[in-house]
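Okay, here's what each chain looks like letter by letter:
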Amino acid sequence: MIRLAHALILTLAMALPLRAEVEIQEVTSPGGIDAWLVESHEIPMLALEIRFRGGASLDAPGKRGAINLMTGLLEEGAGDMDARAFAAARDGLAADIGFDVGADMLSVSVRALTENRDQVMALLRLALHEPRFDADAIERVRGQVLSIIRSDEKDPDTIAARTFDRLAFGDHPYGSSLNGTPDSVAALTRDDLVEAKARVMARDRLIVSAVGDITAGELGALLDGLFEGLPETGAPMPPQAEFALKGGVTVVPFDTPQAVAVFGHEGLKRDDPDFITAYVLNEVLGAGGFTSRLMTEVREKRGLTYGVYSYIYPMDHAALMLGQVASANDRVAEAIEVIRAEWQKAATEGLTEEELAAVKTYLTGAYPLRFDGNGPIARILTGMQLDGLSPDYVRTRNAMIEAVTLEDIRRVAGELLNPDGLHFVVVGRPAGLESTH
Amino acid sequence: MLRRLGLCLILALAAALPARADEVTSFTLDNGMEVVVIEDHRAPVAVHMVWYRVGAADEPAGHSGIAHFLEHLMFKGTEAFPAGRFSELVEANGGSDNAFTSWDYTAYFQRVAADRLDLMMEMEADRMTGLRLSEEDVSTERGVILEERNQRTENSAGALFGEERRAAQYMNHPYGVPIIGWKHEIELLSRENALGFYRTFYAPNNAILVVAGDVDPDEVRALAEKHYGPIPANPDLAPRARPQEPPQRAERRLAFADPRVAQPYVMRTYLAPERDPGDQREAAALSYLAELLGGEGATSFLGTKLTFESQTALFTSAFYDGLSLDDTTFGLVVAPAEGVSLQQAEDALDAALAEFMAQGVDEELFASLKMQRRAADIYARDNIQGLAQRYGEALAVGMSIEDVQGWPEILQQVTPEDVMAAARRLFDRDRAVTGWLMREAPQEITQ
């Protein structure tokens, strides 16, 4: 009885039209700045997401950490306001202005009330154009960055990820921490920060998304007000990163009860025609949720970990297929063995018909649920632009998922998943594991 | 200039706020289950949450971690939905699900397309009384939570320090026991322990249903009556009465050393009153006190004194969470700058606190904080799951809907005098725990 009822529900789920009900407008400002907009006037606020491609990988030679330190200083005083005056002005307007930087982009995330949006944008303009880089602010933020670097050196998760990156990418910016080293950060000067800003914050690498209580006309004026006067071009993008890591194990000895492992090999880029197929495959293999194969085998059946995941990880200048697991020192070897076996199984057999049907229902059903707020929608729009997708993608994406066949999966699994090429970096005192060089 | 602007805005925002209350409907089923419905029709999404008024602080002595262990075991299946079927069905419907445990509550939630609410309720209601556990489920899952403890706590010097600090703060109240449990007690938790806890506490008269999103309150009521309505109340449910703290009469201090510590800091916590039903003024004053002292680094009092005017601290912070069934804590943190000792950092903290008590509240900063609280209520409307969380958590610790909806107004009524009076009642080192997190053990025990 109950079984029957559920079969019916599943059928319905697949038959229903799947709605990602957002109207994306492509806006070009009078001054020529492009942005994507979703108007939503229910709540008197605006979510604005700004990206500068290239991010911390545009650090000049010998200046590792400059773009990160510069990013940290964008909210530490601008125009005629020092750090405290800037913070007081921003908080007095109850606005959120967040700056962050990653390997591929510098991000500015803004949340502003409609009532004082113009004042918030004037403040943001100052931060984008006239950051002060005051000497005392530089020393204060430099101290914070150095503290983060020291903490990272004692954190098993970070040690594992950094070691993997270093072994995989060597001298390419992807091979080192964007925070820099204690020495490189200590040596940075104010001139280096001015130069760092010019390298990354330019109009030729700008991406903007706006969602909320604003019209296209208002957004056009806002964009010109924010960005007019920024340099047209910045530093050239970094070259492709060569992936140098072969299959095997690297143990990083560290005294802690639970070993942390980061593992992976080369993956595929976002613009690869097989990307969607690989994405579907990985959803079953190890992406989020409690029902993935890795989670079922390592956690649910054997209780070896609290969490195990795999990721398709395309970057602008490289592509990875990654995973991670954490397990007590005396159990991590078994966890790794199970993961290798699952990799092997998926590489040779692909997915079952039932798995493919279930994951399609999940992915297509979950997609419209992502669009549940101005903030989330603004971030989705930004991701789409960074990936070079068109606004139409929100309507065509589910059809692409539906079109994936078992044969596609089997072919892509065979090409992508390479059990012998998997390299595990294990931080801890793992029993029964040794580095394989 | 900015201050004047702030005042106009406060008036405009105040006018915009009351609409919110219209979007919230609440009622109680005949079996005592409370229901809250929050409407947001912007996206075809619903969040379905069931909160139980039981958490780690309600555990029997010696069985620490059983509330959290049971939360994990709740995914092991029932007769109607065998192991793994629950999450499978949620995912097959495009949804996601999870659960969490605190000292005061245990909650389960799913995020799904709004038209799948019926199935979510059917499954959640089913496992309120229908859980089936095998010995193997229990032993495997015990391994999982031991690894969870490894990941969250054993692998983190800061988390271990936090356990020591809480244990020192709460001498008698179970808030001194970690939610995940002490490792030696987790290792012994049994199937019978879990089922005993389950039968005692999982009942409709001990639960709150929160449904938020693209839903109609009448439909939610009909579905709730259909699925949760038939479950009988537990007539033996006892009032929640935990052992309370005796008066603290002496300062407590601890120094925790671990070679994995990269950034040492000093943390002091004071036992503090929580938000009480119908009486939230003291808590409102304390939440401003935390912001004034250690909110935004560049404008807060400790940040200004210890990071800007002197370079004593790398960063400072203050925290206070008033949503708690019993007495909570108010905390202060100072991370010393390079070359500054923990003793110097603590001395600077005490000097700054004394100065704050002498000077009183900075009116400009206070006005800015009030403005930010009002804006936070607008921003909160953009996050339906956050709103559901806000109501569920408050009701689970004994607050009423009126308390939740009255909180923004109570925050706006707080005066600088209220804040200083609350500070005078709070800051007594004889009622504090001061802890140092450090890389190497001190040569001699301080004081």
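Residues numbered from 1 in each chain as written. Chains lettered and ligands numbered in written order. Predicted model: local features only at pLDDT ≥ 70, side-chain atom pairs only at ≥ 80, totals over all residues. Heavy atoms only, no water.

Take the packing of helix α2 (residues 66–73) of chain A against helix α5 (residues 135–152) of chain A next. When two helices pack together, their arrangement is captured by the angle between the axes and the distance separating the axes. Residue and element names in this part refer to chain A. Running from N to C, α2 and α5 point in directions that differ by 120°, and their axes come no closer than 10 Å. Our classification of the angle between α2 and α5 gives oblique. Crossing handedness for the pair α2 and α5: right-handed. When α2 is examined against α5, the residues Asn68, Leu69, Gly72 and Leu73 are found in contact with a partner set consisting of Ala137, Ile138, Val141, Arg142 and Val145. For the contact of α2 with α5, the per-class residue count stands at six nonpolar, two polar and one charged. (Axes fitted to C-alpha atoms, helices over the stretch in contact; angles between N-to-C directions. Helix = DSSP H or I, 4+ residues; strand = E, 2+ residues; numbered from the N terminus. Parallel < 35°, antiparallel > 145°, perpendicular 65-115°, else oblique. Left-handed = near helix turned anticlockwise from the far one by under 90°. Contact = heavy atoms within 4.5 Å. Nonpolar A, V, L, I, M, F, W, Y, C, P; charged D, E, K, R; others polar.)

So, about the interface of chain A and chain B. Taken together, the contact between chain A and chain B spans 72 residues of the former and 67 residues of the latter. When chain A packs against chain B, the two sides together hide about 5,800 Å² of surface, and 58% of this comes from carbon and sulfur. Here chain A and chain B share six salt bridges between them. A salt bridge links Asp372(A) to Arg111(B), with the nearest nitrogen and oxygen atoms 3.0 Å apart. (Buried area = accessible area lost by both parts, 1.4 Å probe. Salt bridge = Lys/Arg side-chain N within 4 Å of Asp/Glu carboxyl O.)

The subject of this paragraph is the packing of aromatic side chains. For the structure shown, the criterion picks out 28 aromatic pairs over all chains. Pairing Phe169(A) with Phe243(A) gives two aromatic rings, centres 6.0 Å apart and planes at 80°, and the pair type is edge-to-face. Within this pair, whereas Phe169(A) is found in helix α6 (residues 156–169), its partner Phe243(A) is found in the loop between α9 (216–227) and β9 (248–253), the two being separated by 74 residues in sequence. The exposure classification of Phe169(A) matches that of Phe243(A), with both residues buried. Grouping aromatic residues by their ring pairs yields a cluster made of Phe290(A), Tyr52(B), Phe75(B), Phe86(B), Tyr108(B), Tyr198(B) and Tyr202(B). (Phe/Tyr/Trp six-rings, centres within 6.5 Å; stacked < 30°, edge-to-face > 60°. Buried < 20%, exposed > 50% of the residue type's maximum accessible area, 1.4 Å probe, protein only.)

Residue and element names in this part refer to chain B. With the rule as written, the count across this model stands at 62 salt bridges over all chains. With its nearest N and O atoms 2.7 Å apart, the salt bridge here joins Asp58 to Arg242. In this pair, Asp58 sits in the loop between β3 (45–52) and α3 (66–73) while Arg242 sits in the loop between α10 (217–227) and β7 (252–257), placing the two residues 184 residues apart along the sequence. Across the pair, exposure class does not vary: Asp58 and Arg242 are buried alike. The shortest N-O distance in the salt bridge between Arg253 and Glu346 comes to 2.7 Å. Of the two residues, Arg253 sits in strand β7 while Glu346 sits in helix α13 (residues 342–359), which places them 93 residues apart along the sequence. Judged by its relative accessible area of 2%, Glu346 is buried. Connected through salt bridges with shared partners, the residues Glu251, Arg253, Arg268, Glu346, Asp350 and Arg429 form a single ionic network.

This brings us to the sheet that holds β7(B). All names here are of chain B. Spatial ordering of the open sheet is given by β7-β11-β8-β10-β9, a layout of five strands whose pairing is mixed. The strands lining the two open edges of the sheet, one partner per strand, are β7 and β9 (313–320). Neighbour to neighbour, the strand axes of the sheet diverge by 15° on average, direction disregarded. Its contacts with the sheet put helix α12 (residues 301–309) on β9 and β10 (328–336), and the angle it makes with β9 is roughly 165°. Contacts between α13 and the sheet are confined to β7, β8 (265–272), β10 and β11 (432–438), with β8 contributing the most and set at about 40° to the helix. (Pairing = 2+ DSSP bridges.)

Residues and elements named next belong to chain B. Across its 14 residues, helix α11 (residues 281–294) extends 20 Å between first and last C-alpha, which sits within 8% of the 20 Å expected from 1.5 Å per residue. Taking burial as the measure, the 14 residues of α11 include eleven buried ones, the bulk of the element. All of the buried residues along α11 are Ala283, Ala284, Ala285, Leu286, Ser287, Tyr288, Leu289, Ala290, Leu292, Leu293 and Gly294. (Expected span 1.5 Å × (residues − 1).)

Moving on, we come to the domain arrangement of chain A. All names here are of chain A. Domain annotation of chain A identifies domain 1 (2–227) and domain 2 (248–428). Relative placement of domain 1 and domain 2: their C-alpha centres are 26 Å apart. Summing the contributions of domain 1 and of domain 2, the shared interface buries around 3,400 Å²; its carbon and sulfur component is 73%. Between Glu49 and Arg379 there is a salt bridge; the shortest N-O distance is 4.0 Å. (Domains from an automatic or database assignment.)

Bringing the environment of Glu124(B) into the picture now. Residue and element names in this part refer to chain B. Note on placement: Glu124 falls in helix α5 (residues 117–129). Non-local contacts of Glu124, meaning those with residues more than four positions away in its chain, are made with His48, Val50, Phe86, Tyr108, Gln110 and Tyr228. A distance of 2.8 Å separates the side chain of Glu124 from the side chain of Gln110, its partner in a polar contact. (Polar contact = N/O pair within 3.5 Å; in protein donor to acceptor, adjacent residues only side chain to side chain.)

Comment: phi is negative for the bulk of residues other than glycine, and the bulk of peptide bonds are trans. Residues and elements named next belong to chain A. Of note, the phi angle at Ala94 is positive, near 55°, even though the residue is not glycine. The topology assignment puts Ala94 in the loop between α3 (83–92) and β6 (96–101). When its relative accessible area of 5% is taken as the criterion, Ala94 is described as buried. Unusually for a residue other than glycine, Phe133 sits at a positive phi of about 50°. Along the polypeptide, Phe133 turns up in the loop between α4 (117–129) and α5. On the basis of relative accessible area, Phe133 is assigned to the buried category, the value being 3%.

All names here are of chain B. Relative to each other, α5 and α10 sit at 30°, their axes nearing to 9 Å. Between α5 and α10, the crossing angle belongs to the class labelled roughly parallel. Two packed elements cross with a definite hand, and for α5 against α10 that hand is right-handed. The residues of α10 that touch α5, namely those facing Leu117, Asp118, Met121, Glu122 and Ala125, are Val220, Leu223, Ala224, Lys226 and His227. Of the residues that constitute the contact of α5 with α10, the class distribution is six nonpolar, one polar and three charged.

Our next topic: the side chain of His172(A). Residues and elements named next belong to chain A. Inspection of the secondary structure assignment puts His172 in the loop between α6 and α7 (182–186). Engagement of the side chain of His172 in a polar contact is seen with the backbone oxygen of Pro239, the distance being 2.8 Å. When neighbours within four sequence positions are excluded, His172 is seen to be in contact with Pro238, Pro239, Gln240, Ala241 and His317.

Where the model shows low pLDDT, its predicted coordinates should not be examined in detail. Looking at chain A, the pLDDT average stands at 93 and 95% of residues meet or exceed 70. Under a pLDDT of 50 for its full length, residues 1–19 of chain A has, in the predicted model, 24 contacts with residues more than four places off or in other chains. (pLDDT = per-residue confidence, 0-100.)

Moving on, we come to the pairing of strand β7 (residues 105–113) of chain A. All names here are of chain A. Pairing of strand β3 (residues 45–53) with β7, which is carried by nine bridges, proceeds in the antiparallel orientation. Pairing of Leu48 across the sheet is with Val110, part of β7. Judged from the six bridges that link them, β6 and β7 form a sheet pairing that is antiparallel. Bridge pairing in β7 places Asp100 opposite Ser107. Linking β6 back to β7 in an antiparallel pair, the connection comprises three residues.

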